[in-house]
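# Overview (structure and organization)
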Amino acid sequence: MHVLVIGSGAREHALLLALKRDPQVETLSVAPGNAGTAALADQHDVDVTSADAVVALARKVGADLVVIGPEVPLVLGVADAVRAAGIACFGPSQDAARIEGSKAFAKDVMSAAGVRTATSEIVDNPGHLDAALDRFGPAAGQRAWVVKDDGLAAGKGVVVTEDRAVARAHAAGLLDEGHPVLLESFLDGPEVSLFCVVDGETVVPLLPAQDFKRVGDNDSGPNTGGMGAYSPLPWLPEEILTQIVEEIVKPVAAELVQRGSSFSGLLYAGLAITSAGPSVVEFNCRFGDPETQSVLALLDSPLGQVLHAAATGTLADIAPLQWRPGSAVTVVIAAENYPGRPRVGDVITGSDTEGVLHAGTARRDDGAVVSSGGRVLAVVGTGADLAAARSDAYARVNSVRLPGSHFRSDIALRAERGEITV
Ligand code: GLY
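Residues numbered from 1 in each chain as written. Predicted model: local features only at pLDDT ≥ 70, side-chain atom pairs only at ≥ 80, totals over all residues. Heavy atoms only, no water.

### As for the site of the ligand
Residues in contact with the ligand, as listed here, are Asp211, Tyr268, Asn284, Arg286, Gly288, Asp289 and Glu291. For the ligand, a nitrogen atom lies 2.7 Å from a polar atom in the side chain of Asp211. Separating a nitrogen atom of the ligand from a side-chain N or O atom of Tyr268 is a distance of 3.4 Å. Expressed as a share of its isolated accessible area of 200 Å², the protein-covered part of the ligand is 89%. Its residues assigned to classes, the shell around the ligand comprises 1 nonpolar, 2 polar and 4 charged. (Near = heavy atom within 4 Å. Polar contact = N/O pair within 3.5 Å; in protein donor to acceptor, adjacent residues only side chain to side chain. Areas by Shrake-Rupley, 256 points an atom, 1.4 Å probe, with all protein chains shown as cover. Nonpolar A, V, L, I, M, F, W, Y, C, P; charged D, E, K, R; others polar.)

Quick look at the structure:
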């Protein structure tokens, strides 16, 4: 099987590594890729938001399967075009990708499926903002305001704050730019990311993970695209995991089938485990980053065959997934000033090594690897338990050099210490 992976982040680097372990995957291509993925796949610099360009590339490389990593091409309908060209594609249709691309659609699906989620309100008129802020946050007895960009914003459009002035300024800024604002009730409790491979009503959950969205230790500073992750979650009881699959993901998948928007691909449930049980923060239509780097490090089953089965409507026939024992911890190394405008062009050393996945990197003409984005590398450590995986990850982090870079030092620390309870 020849697999073409679309995307350029550490998530796609992780997908390529896992695909390479599948004996049925003979060759790999990636578009556009990064300096790290070049060692695993032939690279093609195409516009991945262009359906025509992706289809032309898939034909040119003779792809048997196209795996679309990021949400933007999915929301734009690139998976539909690949399928229409007669090539198997792992990734939902434009219609089903609205579960991530349209908050209103997602809320409607969840309501119809009877799934618990945050209450929310969309504000598109600055004149209505103050009254709406009064209905959320501490003004309404909740711990914080949750203010989101109603469109795709890679996590960075989210502000969670106890300070009304900060909430108001973020919302007003989004409205000024012409973006509707989503106000949500704050969901208290530890967060879980559960990725499920879905093909219609067939749902195959992967190991649960947790990510770290704030830039600084102890969840300080602004939100980012994700600064680290670990998997599995020793504090999450098996019965809650079953409840998430049976009472949340399966009803949502069935509801999508029922309304003619059947989902085929990776359905990502982002949840908070509240005192009233699991509640959905958001659904995404693709693998999460950086959780994927931890989850796939532990996958023993052949990823190419699993994704191909979902893409061809035969997911119900695959063998139960097999996992390596132990834990995986991912630590993101970010460029100076990230999540603000990152400094790019710095030379990185020590990144061409096992466990160091590339995200915002490029290869200069002289061969040097340089930073080219905010999240530059995702370093994955594994071990018999979280303590061993953490120490493996941080040892690898310390062997990388990137001037001005920063990373969180507390990824998975509270879980390792047994401080997370539900
Ligand atoms: N880890 C957050 C995301 O992928 O959206």
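The discussion continues.
### As for the sheet that holds strand 6 (residues 120–123)
Spatially, the 4 strands line up as an open sheet ordered 6-9-7-8, and their pairing is antiparallel. If you trace the sheet from one side to the other, it starts and ends with strand 6 and strand 8 (158–161), each paired once. Between one strand and the next, the sheet's axes are offset by a mean angle of 20 degrees, whatever the strand orientation. Across 4 bridges, strand 6 lies against strand 9 (residues 181–184) in antiparallel orientation. Note on strand 9: the bridge partner recorded for Ile122 is Leu182. (Pairing = 2+ DSSP bridges. Helix = DSSP H or I, 4+ residues; strand = E, 2+ residues; numbered from the N terminus. Axes fitted to C-alpha atoms, helices over the stretch in contact; angles between N-to-C directions.)

### Side note on the packing of helix 6 (residues 103–113) against helix 9 (residues 238–258)
Relative orientation of the contacting elements helix 6 and helix 9 amounts to 110 degrees, with a least axis distance of 9 Å. It follows that helix 6 is roughly perpendicular to helix 9 by the angle criterion. The residues of helix 9 that touch helix 6, namely those facing Phe105, Val109, Met110, Ala112 and Ala113, are Pro251, Val252, Glu255 and Leu256. Class assignment for the residues of the contact of helix 6 with helix 9 results in 8 nonpolar, no polar and 1 charged. (Parallel < 35°, antiparallel > 145°, perpendicular 65-115°, else oblique. Contact = heavy atoms within 4.5 Å.)

### Some thoughts on the pairing of strand 7 (residues 145–149)
Within strand 7, 5 of the 5 residues are buried, leaving the element largely enclosed by the surrounding structure. Of the two faces of strand 7, both are covered, the one formed by Trp145, Val147 and Asp149 as well as the one formed by Val146 and Lys148. As defined by bridge partners, strand 7 adjoins strand 8 across 4 bridges and the pair is classed as antiparallel. If you follow Lys148 over to strand 8, its bridge partner there is Val158. Note: strand 7 against strand 9, 4 bridges, orientation antiparallel. Among the inter-strand pairings, Lys148 is bridged to a residue of strand 9, identified as Leu182. (Buried < 20%, exposed > 50% of the residue type's maximum accessible area, 1.4 Å probe, protein only.)

### Description of the layout of surface pockets
Roughly 560 Å³ of volume is contained in the second largest pocket. Lining the second largest pocket we find 29 residues, and of these Leu17, Glu354, Gly355, Val356 and Leu357 sit closest to its centre. Counting residues per element, the lining of the second largest pocket draws most heavily on helix 1 (residues 10–20), which supplies 4 residues. Considering only residue class, the lining of the second largest pocket consists of 13 nonpolar, 9 polar and 7 charged. (1 Å grid on protein atoms, 1.4 Å probe; cavity = no way out; pocket = protein on both sides within 12 Å on 5 of 7 lines; lining within 4 Å. Points joined across faces, edges and corners; volume = space filled by probe spheres on them.)

### A few points about the pattern of salt bridges
A pair can form between side chains of opposite charge whenever their charged atoms are brought close. In this structure the tally under the stated criterion is 27 salt bridges. Salt bridges linked by common partners bring Asp130, Asp134, Arg164 and Arg168 together as one network. (Salt bridge = Lys/Arg side-chain N within 4 Å of Asp/Glu carboxyl O.)

### Some details on the side chain of His358
Looking at the secondary structure, you find His358 in strand 20 (residues 356–358). A relative accessible area of 1% places His358 in the buried class. In terms of polar contacts, His358 uses its side chain to reach the backbone carbonyl oxygen of Ser351, at 3.1 Å. If we ignore the near neighbours within four places in the chain, the residues touching His358 are Gly9, Ala10, His13, Asn34, Ala35, Gly36, Ser351, Asp352, Val369, Val376 and Leu377.

### Quick word on the sheet that holds strand 16 (residues 264–274)
What the 4 strands build is an open sheet, ordered 11-10-16-17; its pairing is antiparallel. Taken across any chain shown, the strands that pair with only one partner, and hence form the sheet edges, are strand 11 (202–205) and strand 17 (277–284). For this sheet the average axis-to-axis angle between neighbouring strands, irrespective of direction, equals 35 degrees. Judged from the 7 bridges that link them, strand 16 and strand 17 form a sheet pairing that is antiparallel. Looking at the pairing, Gly270 lines up with Glu282 of strand 17. With respect to the sheet, helix 11 (residues 303–311) is in contact with strand 10 (191–199) and strand 16, its orientation differing from that of strand 10 by roughly 65 degrees.

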